[in-house]
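# Reading the structure
Read off the chains here:
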Amino acid sequence: MKQVYIALGSNLATPVKQLENALHTLGQLPHSQLMRVSHFYQSKPLGPQDQPDYVNAVACLTTALSPLALLDELQRIEQEQGRIRLRRWGERTLDLDILLYGDDIIQSERLTIPHYDMQNREFVIVPLYDIAPNLILPDGKKIVDLVQGFSNHEMKIRQKSTAL
Ligand code: ROI
């Protein structure tokens, strides 16, 4: 079993519900258990500013699925929730990204793990710190140190509509 961290993001079609639906489905994946979910954060778009704010969160899953099997499942969930993506760096109904797969480092055609830009994104590092304050990344960096760089972030916590 591996501990996996998954980033969730949405800025279309009722983002809070998109995340809640996705978390419900993640909790039912085969050979997997949903362990923790961060707060939901409302964040300004990275990329074109003429799109709605995002809702972002990070979840921790333990799974026996391989990285590619997990990626297939995440892409299926994105599609089943009617994923629309209007443009590069633009608005989308649901994004599910594998941030970390244990301590594994993976560079393949379909997967780059750790996620290539996670350390630069407040909407990833802040929620990741919520659920894994003692985490050390595969490159040796501590999440507690990375989160200092975002100590004056302006993201707001968004109310979840159901207990998770
Ligand atoms: N911006 C924010 N704030 N949150 C995201 O999840 C997100 N996802 C993306 C891009 C377009 C890079 N911008 C984002 O894919």
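For the structure itself, consult the block above.
Residues numbered from 1 in each chain as written. Predicted model: local features only at pLDDT ≥ 70, side-chain atom pairs only at ≥ 80, totals over all residues. Heavy atoms only, no water.

This part covers the environment of Met 118. Note on placement: Met 118 falls in the loop between β7 (112-113) and α3 (122-131). A C-alpha to C-alpha distance of 13 Å links Met 118 and Ile 136, two positions 18 residues apart in sequence. (Helix = DSSP H or I, 4+ residues; strand = E, 2+ residues; numbered from the N terminus.)

Here we come to the nonpolar core. Leu 8, Leu 26, Leu 70, Leu 96 and Ile 98 are the most contacted members of the largest nonpolar core, which totals 26 residues. Looking at this core, the elements with two or more residues in it are β1 (2-10), α1 (15-26), β4 (54-63), α2 (67-80) and β5 (95-101). Of all the elements, α1 adds the most residues to this core, at five residues. In contact with Leu 8, other than residues within four places in its own chain, are Leu 19, Ala 22, Leu 23, Leu 26, Val 55, Asn 56, Ala 57, Val 58, Ala 59, Asp 95 and Leu 96. By size, the runner-up hydrophobic cluster in this structure holds 22 residues, among which are Leu 99, Val 124, Ile 131 and Val 147. (Core = buried A, V, L, I, M, F, W, Y, C linked by side-chain atoms within 4.5 Å. Buried < 20%, exposed > 50% of the residue type's maximum accessible area, 1.4 Å probe, protein only. Contact = heavy atoms within 4.5 Å.)

Looking at the ligand, the residues that line it are Ser 43, Lys 44, Pro 45, Leu 46, Tyr 54, Asn 56, Trp 89, Arg 92, Asp 95 and Phe 123. One of the backbone nitrogen or oxygen atoms of Lys 44 is found 2.8 Å away from a nitrogen atom of the ligand. A distance of 3.4 Å separates an oxygen atom of the ligand from a polar atom in the side chain of Asp 95. Alone, the ligand offers 350 Å² of accessible surface; in the complex the protein occludes 93% of this. Taken together, the residues of the shell around the ligand sort by class into five nonpolar, two polar and three charged. (Near = heavy atom within 4 Å. Polar contact = N/O pair within 3.5 Å; in protein donor to acceptor, adjacent residues only side chain to side chain. Areas by Shrake-Rupley, 256 points an atom, 1.4 Å probe, with all protein chains shown as cover. Nonpolar A, V, L, I, M, F, W, Y, C, P; charged D, E, K, R; others polar.)

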